[in-house]
Amino acid sequence: MAVMSGIAESSTPTIVQLTGEIDIFTSAALRRRLLTTLQYSTSLLVLDLSQVSFCDASGLAVLVGIQHRARPLGITVVLTAPRPFMSRLLHITGLDRGLPVMT
């Protein structure tokens, strides 16, 4: 799921710490939470993946969907601190080319 680290001035990024498993059982709740976050986000939304222990296709779909919703709002979505398995998953699926990843 997600824990919001805080929403600040528009000059500072909005950071969301994702934790645990992002799968078919948790992706709907995560999607809702991130859509709400977009309403209050600054121009940069950082999704911290350092505490994600598992991610399946439905989790990847949430990340892509949030990016597609953010763009028209002028918000850039960046993934940060993915664990090795998550980096491999993003690379294998090609999502690392469409979603900026900061290590």
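Before reading on, note that the structure itself is shown above.
Residues numbered from 1 in each chain as written. Predicted model: local features only at pLDDT ≥ 70, side-chain atom pairs only at ≥ 80, totals over all residues. Heavy atoms only, no water.

(A) Structural detail: helix 1 (residues 27–40). Along its 14 residues, helix 1 runs 20 Å from first to last C-alpha, staying within 8% of the 20 Å computed at 1.5 Å per residue. Among the residues making up helix 1, those that are buried are Ser27, Leu30, Leu34, Thr37 and Leu38. Axial view of helix 1: buried residues confined to an arc of 105 degrees, hence all on one face. Exposed side of helix 1, more than 90 degrees from the buried face: Arg32, Gln39 and Tyr40 are the residues found there. (Helix = DSSP H or I, 4+ residues; strand = E, 2+ residues; numbered from the N terminus. Expected span 1.5 Å × (residues − 1). Buried < 20%, exposed > 50% of the residue type's maximum accessible area, 1.4 Å probe, protein only. Arc of directions from axis to C-beta.)

(B) Representation of the environment of Phe54 in the model. Structurally, Phe54 is set in strand 3 (residues 44–55). Separated by 32 residues in the primary sequence, Phe54 and Met86 have C-alpha atoms spaced 7.8 Å apart. Excluding residues within four positions of it along the chain, Phe54 makes contact with Gly20, Glu21, Ile22, Asp23 and Phe85. (Contact = heavy atoms within 4.5 Å.)

(C) Spotlight on the side chain of Thr42. In this structure, Thr42 sits in the loop between helix 1 and strand 3. The class for Thr42 is buried, based on a relative accessible area of 6%. Looking at Thr42, its side chain comes within polar contact range of the main-chain oxygen of Leu44, at 3.0 Å. (Polar contact = N/O pair within 3.5 Å; in protein donor to acceptor, adjacent residues only side chain to side chain.)

(D) Here's a closer look at the nonpolar core. The biggest cluster of nonpolar side chains holds 23 residues, and the ones touching the most others in it are Leu18, Leu45, Leu47 and Leu63. The contacts of Leu47, once residues within four sequence positions are left out, are Val16, Leu18, Leu34, Leu63, Val77, Val78, Leu79 and Thr80. (Core = buried A, V, L, I, M, F, W, Y, C linked by side-chain atoms within 4.5 Å.)

(E) Here's a closer look at the environment of Leu49. By the secondary structure assignment, Leu49 is in strand 3. According to the relative accessible area criterion, Leu49 is buried, its value standing at 0%. In sequence terms Leu49 and Ser87 are 38 residues apart; their C-alpha atoms lie 9.8 Å from each other. Setting aside its immediate chain neighbours within four residues, Leu49 contacts Leu18, Leu79, Thr80, Ala81, Pro82, Arg83, Met86 and Leu90.

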